[in-house]
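Structure assessment
The chain contents come next:
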Amino acid sequence: MANYKRIFLDGYSYFITVATHQKNPILIENITLLREAFRYSKEKYTYQIEAIVILPDHFHMIITPQDVKEYPKIISAIKRYFTKYCEPKYFVHLEQSLSRQQRGMKPVWQKRFYEHTIRNDKDMYEKLQYIYHNPVKHCYVKDAREWIYSSLNTRRVRNHAPK
């Protein structure tokens, strides 16, 4: 695997994509736990969620961290909390003191996550459109406003339209 370096620029927002291992569709059926994982991460780190959409096997979000060097830690906290408390019916359950792998359980998440530094209003607008159109793209709904696992209908709209 190539050496990958993340970019840390103070005052910027980050478009993040996090996917489950082998596109396992467990997020919606565990939405309460996922929300708890986000609450947990917000207790540990200071950041703003500008937009988010949760699909069965991945989520996209735009976050603005107070400390830019913490955004990988934010994602890690969400993934760790969810993994720790997630007990889907299709995982094998053995002795709890063993690691998930030692217990014969699949990983919950892909090891890495995708991130993109949002550099201007046009970039922000394009990423917002991508986030909110994603349930339509994956054929879950015909109109993005129908998808209830999205911040589209709940967020205060800031003008990020390109000038």
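Residues numbered from 1 in each chain as written. Predicted model: local features only at pLDDT ≥ 70, side-chain atom pairs only at ≥ 80, totals over all residues. Heavy atoms only, no water.

1. Focus on the packing of helix 1 (residues 31-44) against helix 2 (residues 71-85)
Convention followed: Lines fitted to the C-alpha atoms define the axes, with helices restricted to the stretch that makes contact. Angles between their N-to-C directions range from 0 to 180 degrees. Helix and strand definitions follow DSSP, with helices as H or I runs of at least four residues and strands as E runs of at least two, each counted in order from the N terminus. For classification purposes, angles smaller than 35 degrees are called roughly parallel, those larger than 145 roughly antiparallel, those between 65 and 115 roughly perpendicular, and all remaining angles oblique. Definitions for this section: a left-handed crossing has its near helix turned counterclockwise from the far helix by less than a right angle. A right-handed crossing has that turn clockwise. Residue contacts are counted whenever heavy atoms from the two residues lie within 4.5 Å of one another. Basically, the charged four are Asp, Glu, Lys and Arg, the nonpolar ten are Ala, Val, Leu, Ile, Met, Phe, Trp, Tyr, Cys and Pro, and anything else, Gly included, counts as polar.
Where helix 1 contacts helix 2, the two axes come as close as 8 Å, and the packing angle between them is 135°. When the interaxial angle is binned, helix 1 and helix 2 end up oblique. Both helix 1 and helix 2 take part in a crossing whose hand is right-handed. Here L33, L34, E36, A37, F38, Y40 and S41 of helix 1 lie close against helix 2, whose contacting residues are I74, A77, I78, Y81, F82 and Y85. Residues that form the contact of helix 1 with helix 2 fall into these classes: 11 nonpolar, 1 polar and 1 charged.

2. Observations concerning the side chain of T117
Worth spelling out the cut-off: Note on classification: 1.4 Å probe, protein chains only; a residue is buried when its accessible area is under 20% of the maximum for its type, exposed when over 50%, partly exposed between these limits.
Relative to the helices and strands, T117 resides in strand 4 (residues 114-118). Taking relative accessible area as the criterion, T117 reaches 3% and is therefore assigned buried. Excluding anything up to four places from it in sequence, T117 contacts I7, L9, Y12, S13, Y14 and D123.

3. Brief notes about the packing of aromatic side chains
The test is simple: Only Phe, Tyr and Trp rings are paired, with Trp represented by its six-membered ring, and only when their centres lie within 6.5 Å; those with planes under 30 degrees apart are stacked, over 60 edge-to-face, the remainder tilted. Ring-over charges, as used throughout, are those where CZ of Arg or NZ of Lys falls within 6 Å of the ring centre and within 35 degrees of the ring normal.
Overall, the coordinates contain 11 aromatic pairs when judged by the stated rule. Between W147 and Y149 the ring centres are 5.4 Å apart and the planes differ by 70°, which places this aromatic pair in the edge-to-face class. Of the aromatic side chains, those joined through ring pairs into one cluster are F38, F59, F82 and W109. Against the face of Y47 rests K42, its NZ or CZ located 4.3 Å from the ring centre. Between K127 and the ring centre of F15, over which it is positioned, the NZ or CZ distance is 5.6 Å.

None of the figures reported here should be taken as evidence of function without further support.
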